[in-house]
Amino acid sequence: MNADYIINEIAQNAASIYEGQDPRDRLAYQIGMLQGKIRSLCYLINITSDELKQIQIELSKEQE
């Protein structure tokens, strides 16, 4: 998965859901979905970073 895939998927969903409706509603939907995706990805990055730190600590203890 990459950034373009995420952006395009959300844009396609918005176009489908808000077809024939006010473009401002479609844009508001896209912004909300992208904000949610950013929060989710940041959460995953933070969790992964914490896990990597813990693994580094464990590995350094094993090497002592």
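Remember, it's a predicted structure, so these values are computed and weren't measured experimentally.

Q: What am I meant to see in the packing of aromatic side chains here?
A: Think of a pair of aromatic rings as described by two things: how far the centres are apart, and how the planes are tilted against each other in angle. In this structure the tally under the stated criterion is one aromatic pair. Summarising the aromatic geometry, the rings of Tyr18 and Tyr29 are spaced 5.6 Å apart at their centres and angled 50° between planes, so their arrangement reads as tilted. Separated by eleven residues along the polypeptide, Tyr18 in the loop between α1 (3-17) and α2 (23-63) and Tyr29 in helix α2 bring together distant segments of the chain.

Q: Where do I start with α1 in this structure?
A: In an α-helix, one turn spans 3.6 residues; hence positions three or four apart end up facing the same way. When the terminal C-alpha atoms of α1 are compared, their 21 Å separation across 15 residues agrees well with the 21 Å that a helix rising 1.5 Å per residue should span. Among all positions in α1, only Ile6, Ile10 and Ala14 are buried. Down the axis, α1 shows its buried residues gathered within 65° of arc, on one side only. Across from the buried face of α1, at angles greater than 90 degrees, the exposed residues are Asp4, Gln12 and Ser16. Looking at the buried residues of α1, the elements they touch are α2. Its side-chain oxygen placed 3.1 Å from the backbone nitrogen of Asp4, Asn2 serves as the N-cap of α1.

Rules of the game
Residues numbered from 1 in each chain as written. Predicted model: local features only at pLDDT ≥ 70, side-chain atom pairs only at ≥ 80, totals over all residues. Heavy atoms only, no water. Phe/Tyr/Trp six-rings, centres within 6.5 Å; stacked < 30°, edge-to-face > 60°. Helix = DSSP H or I, 4+ residues; strand = E, 2+ residues; numbered from the N terminus. Expected span 1.5 Å × (residues − 1). Buried < 20%, exposed > 50% of the residue type's maximum accessible area, 1.4 Å probe, protein only. Arc of directions from axis to C-beta. Contact = heavy atoms within 4.5 Å. Polar contact = N/O pair within 3.5 Å; in protein donor to acceptor, adjacent residues only side chain to side chain.

Scope: geometric values only; no functional claims are made or implied.
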